[in-house]
Amino acid sequence: MALQRATQRSPDHGFAHIPGPGVSAPPTPAALASQLTQPDAQARRWAAIGLRGHLQRAPDLLRALQVETDAMVRSALLASLSTMPCDAVVHGLMPLLQSDDASLRNGAMDVLAQMPQVLAPYVQGLLADPDPDVRLLTLQLLSELAHPEVRDWLCRVLERDHNLNVVASAVEVMAEVGQAQDVPLLEATLARFGGDSFLAFTIDIAISRMEAT
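Since the model is a prediction, treat every value here as computed from it, not as a measurement.

**Student:** How would you sum up the packing of aromatic side chains? Please name residues and give values.
**Tutor:** Across all of its chains, the model carries zero aromatic pairs by this definition. Directly above the aromatic system of Trp-46 lies the positively charged group of Arg-45, at a separation of 5.4 Å from the ring centroid.

Encoded structure:
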């Protein structure tokens with residue numbers, strides 16, 4: 001009579017796999033974090049993927065993101081960070097809005113847009129940044145941010161910002177989220193800029209959209 005190998009039954013999943021000789025356990029989060037600095041891009045990518053949801057490893061992912069040049073690895077790092085909506089991730093990504101690397105800027109912005117509740121306390125600070133490019137990127141971020149205060153943040157920009165491009169960008173976003181009651185504010189904004197023709201054109205389009213909804 002032939003001998004049969006005993007199989008261990010799992011109470012939850014039927015027959016459990018019994019690792020054979022030489023089969024190692026899955027790498028720990030600490031081991032994966034150490035692989036983020038490996039020379040091989042594929043190893044770095046799989047390490048980034050493996051760290052999804054491991055909030056305590058967010059600092060490792062952020063450090064790797066700052067120096068990573070491979071597009072696939074960078075995408076994996078950003079995807080994993082998007083699973084970790086917390087202050088540490090927001091703090092780590094906000095400086096990247098000033099990066100000279102457009103791909104990195106846009107990637108950071110996409111991740112931040114996925115965590116509106118965590119990002120909200122920082123929005124006013126970003127809209128008050130001395131660098132108008134940061135304010136412009138923040139407005140682009142607001143156009144994708146599902147948060148009830150977006151309209152209020154835009155109103156503050158229209159009332160206070162002195163940069164024409166920033167204000168015009170705020171008008172474009174307001175066209176998507178504003179209401180008919182915001183028309184007087186838009187008219188006052190145009191007056192504040194002396195009836196600038198470019199701004200007047202942008203505001204006319206915004207008012208048409210808002211009054212049509």
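**Student:** Now, about the environment of Leu-142: what can you tell me, with residues and values included?
**Tutor:** Within the secondary structure, Leu-142 is located in helix H8 (residues 132-142). For Leu-142, a relative accessible area of 3% translates into the label buried. Measuring from C-alpha to C-alpha, the distance between Leu-142 and Met-109 comes to 9.9 Å, with 33 residues separating the pair along the chain. Excluding residues that lie within four positions of it along the chain, Leu-142 makes contacts with Val-123, Leu-127, Val-150, Trp-153, Leu-154 and Val-173.

**Student:** Explain the packing of helix H3 (residues 58-67) against helix H4 (residues 71-81) residue by residue, including any values.
**Tutor:** The N-to-C vectors of H3 and H4 enclose an angle of 150°; their axes lie 10 Å apart at closest approach. When the axes of H3 and H4 are compared, the pair comes out roughly antiparallel. When you trace H3 past H4, the crossing you get is left-handed. Two secondary-structure elements touch here, H3 through Ala-58, Leu-61, Leu-62, Ala-64 and Leu-65 and H4 through Arg-74, Leu-77, Leu-78, Ser-80 and Leu-81. Of the residues belonging to the contact of H3 with H4, the class tally is eight nonpolar, one polar and one charged.

**Student:** Describe the pattern of salt bridges, with residues and values.
**Tutor:** Scanning all chains against the criterion turns up eight salt bridges. Residues Arg-63 and Asp-60 are paired through a salt bridge, measuring 2.8 Å at the closest nitrogen-oxygen approach. Here Arg-63 and its partner Asp-60 are both found in helix H3, three residues apart, which amounts to about one turn of the helix. Close ionic contact of Arg-209 with Glu-176 constitutes a salt bridge, the shortest N to O distance being 2.9 Å. In this pair, Arg-209 sits in helix H12 (residues 197-212) while Glu-176 sits in helix H10 (residues 164-177), placing the two residues 33 residues apart along the sequence. In this structure Arg-209 comes out as partly exposed when scored by relative accessible area, which is 43%. A cluster of three or more residues bridged by salt bridges with shared partners is formed by Arg-57, Asp-60 and Arg-63.

**Student:** If you had to explain helix H7 (residues 116-127) to someone new, which residues and values would you point to?
**Tutor:** Along H7, the residues classified as buried are Pro-116, Val-118, Leu-119, Ala-120, Tyr-122, Val-123, Leu-126 and Leu-127. Tucked into the core, H7 has its buried residues touching helix H5 (87-93), helix H6 (102-113), H8 and helix H9 (150-160).

**Student:** Can you lay out the side chain of Glu-68 for me, pointing to particular residues and giving the numbers?
**Tutor:** The residue Glu-68 is located in the loop between H3 and H4 in this model. Look at Glu-68 and you get buried, because its relative accessible area is 6%. The residues contacting Glu-68, other than those within four sequence positions of it, are Arg-44, Val-73, Arg-74 and Leu-77.

**Student:** Help me get a handle on H6, residues and values and all.
**Tutor:** Taking 1.5 Å as the rise per residue, H6 with twelve residues should run 16 Å; its terminal C-alpha atoms sit 16 Å apart, in good agreement. Within H6, the full set of buried residues consists of Leu-104, Gly-107, Ala-108, Met-109, Val-111, Leu-112 and Ala-113. Looking at the packing, one finds that the buried side of H6 touches H3, H4, H5, H7 and H8. A distance of 2.9 Å separates the backbone nitrogen of Ser-103 from a side-chain oxygen at the start of H6, and that oxygen is part of Asp-101.

**Student:** Residues and numbers for the packing of H7 against H8, please.
**Tutor:** Helix packing geometry: the angle between the two helix axes and the distance between the axes. Remark: H7 packs on H8, axes separated minimally by 9 Å, with the N-to-C direction vectors making an angle of 145°. The handedness of the crossing between H7 and H8 comes out as left-handed. Facing H7, whose interface residues are Leu-119, Val-123, Leu-126 and Leu-127, H8 presents Val-134, Arg-135, Thr-138, Leu-139, Leu-141 and Leu-142. Split by residue class, the contact of H7 with H8 holds eight nonpolar, one polar and one charged.

Calculation rules
Residues numbered from 1 in each chain as written. Predicted model: local features only at pLDDT ≥ 70, side-chain atom pairs only at ≥ 80, totals over all residues. Heavy atoms only, no water. Phe/Tyr/Trp six-rings, centres within 6.5 Å; stacked < 30°, edge-to-face > 60°. Lys NZ or Arg CZ within 6 Å of the ring centre and 35° of its normal. Helix = DSSP H or I, 4+ residues; strand = E, 2+ residues; numbered from the N terminus. Buried < 20%, exposed > 50% of the residue type's maximum accessible area, 1.4 Å probe, protein only. Contact = heavy atoms within 4.5 Å. Axes fitted to C-alpha atoms, helices over the stretch in contact; angles between N-to-C directions. Parallel < 35°, antiparallel > 145°, perpendicular 65-115°, else oblique. Left-handed = near helix turned anticlockwise from the far one by under 90°. Nonpolar A, V, L, I, M, F, W, Y, C, P; charged D, E, K, R; others polar. Salt bridge = Lys/Arg side-chain N within 4 Å of Asp/Glu carboxyl O. Expected span 1.5 Å × (residues − 1). Polar contact = N/O pair within 3.5 Å; in protein donor to acceptor, adjacent residues only side chain to side chain.

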